[in-house]
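Spelled out, the chains give:
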Amino acid sequence: YDERTFVMVKPDGVQRSLIGEIISRFEHRGLKLVGAKALQLDEELAKTHYSEHEGKPFFEGLIDFITSGPVFAMVWEGKDATRQVRRMVGATDPAEAAPGTIRGDHGLDLGRNVIHASDHEDEGANEREIAVFFDEEELLDYEQAT
Ligand code: CMP
């Protein structure tokens, strides 16, 4: 199959009813949704997902925030999906994110930046993050009309 990438609407995005808006953007871009679930992260899962940031000054705040309410985790598939999704998501800091990107249009600040997406500059981050949230049998294999 094409490349898969991991995307998660954060608690601020879920609370502000942005799940549909975000799904629409990826659908319209031609990416294929192969997995999705709403869940509440516990501290252990949050720390596993964000382990690369352990020890950084914002780590504890990040864990508190990401466990503060439900998230919506997804797997999107497509050619060069990780890089494509990152381009649509925009810069980490919404103040720096270009207009037209998800964070540029909806993000409030560094913490409340609406969405997480796998880093395309971190080789294998996409599949590592997918495996934290999804069992392989939860992911769909189907043909998308083009
Ligand atoms: P995300 O792409 O989910 O990856 C780590 C998150 O840490 C990032 O988005 C931000 O929401 C959050 N964060 C908070 N403070 C910082 C910071 N100073 N630098 C980078 N990320 C930060």
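Residues numbered from 1 in each chain as written. Predicted model: local features only at pLDDT ≥ 70, side-chain atom pairs only at ≥ 80, totals over all residues.

The name given to the protein in an unreviewed UniProt entry is Nucleoside diphosphate kinase, with Halonotius roseus as the source organism. As stated in UniProt under Cofactor (unreviewed entry), the record for the protein gives "Mg(2+)". Under the heading Sequence similarities (unreviewed entry), UniProt records this for the protein: "Belongs to the NDK family." (UniProt positions renumbered as here; feature names shortened; annotations may be inferred.)

**Digging into the overall build of the protein**
The secondary structure content of the protein amounts to 7 helices and 4 strands. The principal-axis extent of the C-alpha atoms belonging to the protein is close to 45 × 35 × 30 Å. In the protein, which comprises 146 residues, the share counted as buried stands at 33%. Nonlocal contacts in the protein, meaning residues at least 24 apart in sequence, comprise 70% of its contacts between residues at least 6 apart. (Helix = DSSP H or I, 4+ residues; strand = E, 2+ residues; numbered from the N terminus. Buried ≥ 20, exposed ≤ 12 C-beta atoms within 10 Å, placed from the backbone. Contact = placed C-beta atoms within 7 Å.)

**Side note on the site of the ligand**
In the region of the ligand, the neighbouring residues are His53, Phe58, Leu62, Thr92, Leu110, Gly111, Asn113 and His116. Of the residues contributing to the shell around the ligand, the split by class is 3 nonpolar, 5 polar and no charged. (Near = placed C-beta within 6 Å. Nonpolar A, V, L, I, M, F, W, Y, C, P; charged D, E, K, R; others polar.)

**Some remarks on the UniProt feature "active site" (unreviewed entry) in the protein**
In the numbering used here, UniProt assigns the feature "active site" (unreviewed entry) to His116. If we skip the residues at most four places from it in the chain, His116 touches Met8 and Lys10.

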